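Okay, here's what each chain looks like letter by letter:
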Amino acid sequence: MRICLINPLVREWSAPNIPPLGLLQLSSVLRQNGHEVKIMDINGHRWSMDVVEKQIAKDEEYDIYGLGGLVTTYSYNMWLADIIKMDHPGKIRICGGPLTTAKSDILLKHVNSVIIGEGEEAILDVVQDVERSRLKGIYQSDKPMLLDSLPQPDYDNLDTLPVYLNAAVGAHNPRKWLDGKSIRQVKTLPILSGRGCPFNCGFCSSHYLGPGFRFRSVSNIVKEAKGLIERYGVKYLHFCDELTVPSRGRCLDLCSELAKMDVTWGCPVRIDLLGYELLSEMRDAGCIHVGTGIESFSPKVLKSMGKSLNPDLAKTLLKQAHNLMDIQYTLILGYIGETKETLNETIRGVKEIGFPPEQVFFPVPYPGTQLYGYARSYGFIEDEEKHLEALSNHEQRDLLFNFSSLSDEELLDARNRIMET
């Protein structure tokens, strides 16, 4: 069959930096099974809505149009679905990704089917059912994928690959929340070393692919890394998930392999799983950047978030990391239970470590999170569809919700003071 996978526009104000890994993985699986696949990367091309409309109208028809995206692309994806329906009536429109898993009932108003959770097996079921004219509304894999069995992402089928090869990620992207432009030109591509998360932070929707954490073997990761270096000339690898999970041993094994390659790299980390020795090993293996979500230096607020982090240990490790490599951390102000006292604890913590966070956010109740359930229960969200539209039209730095006992003005002023540290 002929399938068009569409990557919507993300963060229009910031240069694109991460290729659509989920769609690239689906493209590999579909093409391995004999199907023709086009990836329409709107985000990489940065097409205007007028250009997108013309592109979809003039393009040859496909049997299936697959839409991927984050929760914040809801409005854009639903606009796309309606445009496709108008220009290519009768063709199948499906949607997958974090948004679909959280709110499939709302999406089914605009598309024929949705895929919940992992898509590699489910997309083949969709294709088979389309061929047999027995399409279902909801598709979901019966069991978690064995990640080492998956093919490599289909970069050869991505016409915007040069955009991402020259994009700023990790250490090369200190302007991420300004315009995302590179401060130096280094060929870079990302790698996912696993799926899911073993932690349970109340504001995070990382469990949309299922509970817990599944990881690829070191040999499987190394195979992909070598391929990216040899085939595309990559000089900086950015791991999109935390290499210190599930164990320090796995991280050290990977470090020993990366040290043999002519490449630098970076990754997000769970700061309390590190120590000076592991940080040093990572640096010696070519790691030049780590990013971490601290979120608060108040034990009370961290407990409210469901984040089992010792703030004193976090301060120590942040200072150690700062002496070894580029480190970026984030904070969230205004969470449930935030008071003037807890806010001051966070402000003092920033002053103590001596450098400001990459960004200060305010809590956003994304569908599928514990915070979303709280917001629904206490009347912060009355109309779920309108909430999704609001998330689509805001910048992640905006103050849309205040779950604290402080005023909006106090929170905004605190953010400004912290960023000026």
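Provided above is the structure to which this section pertains.
Residues numbered from 1 in each chain as written. Predicted model: local features only at pLDDT ≥ 70, side-chain atom pairs only at ≥ 80, totals over all residues. Heavy atoms only, no water.

1. Brief notes about the packing of aromatic side chains
Here is the rule we go by: Here the aromatic set is Phe, Tyr and Trp, taking the six-membered ring for Trp, and pairing holds for ring centres within 6.5 Å; pairs whose planes are under 30 degrees apart are stacked, those over 60 apart are edge-to-face, and all others are tilted. The buried label goes to any residue with under 20% of its type's maximum accessible area, the exposed label to any with over 50%, and the partly exposed label to all in between, with areas taken from a 1.4 Å probe on protein chains only. Comment: the charge-over-ring label is applied if NZ (Lys) or CZ (Arg) is within 6 Å of the ring centre and within 35 degrees of the ring normal.
Applying the stated criterion to the full structure yields 12 aromatic pairs. Between Tyr 62 and Tyr 65, the aromatic rings sit 5.8 Å apart at their centres with planes inclined by 80 degrees, giving edge-to-face as the arrangement. Since its relative accessible area comes to 3%, Tyr 65 is described here as buried. Chaining the aromatic ring pairs together yields one cluster made of Tyr 374, Tyr 378, Phe 380, Phe 401 and Phe 403. Just above the ring of Tyr 62 sits the side chain of Arg 2; from NZ or CZ to the centre is 4.6 Å. A cation over an aromatic ring shows up here: Arg 270 above the ring of Phe 199, its NZ or CZ 4.2 Å from the ring centre.

2. Regarding the side chain of His 289
Put simply, the test is: Put simply, DSSP marks the helices as runs of H or I at least four residues long and the strands as runs of E at least two long, and each gets a number from the N terminus on. Pairs of N or O atoms within 3.5 Å make up the polar contacts considered here, provided that, within protein, one atom can donate a hydrogen while the other can accept it, and that residues adjacent in sequence are counted only when both atoms are side-chain atoms. In this description, contact between two residues means that some pair of their heavy atoms is separated by no more than 4.5 Å.
One can find His 289 in strand S12 (residues 287-295). You can call His 289 buried: its relative accessible area is 3%. Polar side-chain contacts of His 289 include one of 2.6 Å to the side chain of Asp 326. Setting aside residues up to four positions removed in sequence, His 289 forms contacts with Gly 170, Ala 171, Tyr 236, His 238, Trp 265, Gly 266, Cys 267, Met 325, Asp 326 and Gln 328.

3. Focus: the environment of Val 114
Mapped onto the elements, Val 114 comes out in strand S5 (residues 113-116). Judged by relative accessible area, which is 0%, Val 114 ranks as buried. Each C-alpha atom, one on Val 114 and one on Pro 151, is 23 Å from the other, the two residues being 37 residues apart in sequence. Apart from residues lying up to four places away in sequence, Val 114 is in contact with Cys 95, Thr 100, Ser 104, Leu 107, Leu 108, Gly 137, Ile 138 and Tyr 139.

4. Looking at the nonpolar core
Stated formally: Only buried Ala, Val, Leu, Ile, Met, Phe, Trp, Tyr and Cys residues count toward a nonpolar core, and they belong to the same one when joined by side-chain atoms within 4.5 Å.
With 63 residues, the main nonpolar core has Leu 237, Trp 265 and Met 282 as its most contacted residues. The element contributing the most residues to this core is helix H9 (residues 218-232), with 7 residues. Sequence-distant contacts of Met 282, that is, excluding residues within four places in its chain, are made with Cys 251, Cys 255, Trp 265, Cys 267, Val 269, Leu 274, Cys 287 and Val 290. Counting residues in hydrophobic clusters, the runner-up holds 30 residues, among them Ile 56, Leu 67, Tyr 74 and Leu 99.

5. Structural notes on the packing of H9 against helix H10 (residues 248-258)
Filter applied, for reference: Axis definition: a line fitted to C-alpha atoms, limited for helices to the stretch in contact. Angles are taken between N-to-C directions and run from 0 to 180 degrees. Each helix crossing is assigned a hand: it is left-handed if the near helix lies turned anticlockwise from the far helix by less than a right angle, otherwise right-handed if that turn is clockwise. Each residue receives one of three labels: charged for Asp, Glu, Lys and Arg, nonpolar for Ala, Val, Leu, Ile, Met, Phe, Trp, Tyr, Cys and Pro, and polar for the others, Gly being one of them.
The interhelical angle for the contact between H9 and H10, taken along N-to-C directions, is 35 degrees, at an axis separation of 10 Å. Viewed along their axes, H9 and H10 form a crossing whose handedness is right-handed. Along its contact with H9, which presents Val 218, Ile 221 and Val 222, the element H10 presents Arg 250, Asp 253, Leu 254 and Glu 257. Residues belonging to the contact of H9 with H10 are distributed by class as follows: 4 nonpolar, no polar and 3 charged.

6. Let's talk about the sheet that holds S5
The test is simple: Strands are treated as partners if at least two bridges between them are detected by DSSP.
Read across the open sheet, the 6 strands follow the order S2-S1-S3-S4-S5-S6; overall the sheet is parallel. Each edge of the open sheet carries a strand with a single partner, namely strand S2 (36-41) and strand S6 (138-140). With strand direction ignored, the average angle separating the axes of adjacent strands in the sheet is 25 degrees. Here helix H4 (residues 74-87) sits on the sheet in contact with strand S1 (2-7), strand S3 (64-67) and strand S4 (92-95), set at roughly 170 degrees to S3.

7. A short note on helix H13 (residues 311-324)
We count it as follows: One fewer than the residue count of a helix, multiplied by 1.5 Å, yields its expected span.
In this model H13 runs 20 Å from its N-terminal to its C-terminal C-alpha over 14 residues, within 8% of the 20 Å that 1.5 Å per residue would give. Residues Pro 311, Ala 314, Lys 315, Leu 317, Leu 318, Ala 321 and Leu 324 constitute the buried set of H13. The inward-facing, buried residues of H13 abut helix H11 (276-284), S12, helix H12 (299-305), strand S13 (326-332) and helix H14 (340-353). Its side-chain oxygen at 2.9 Å from the backbone nitrogen of Asp 312, Asn 310 defines the N-terminal cap of H13.

Note that all results are geometric; they support no functional claim without further evidence.
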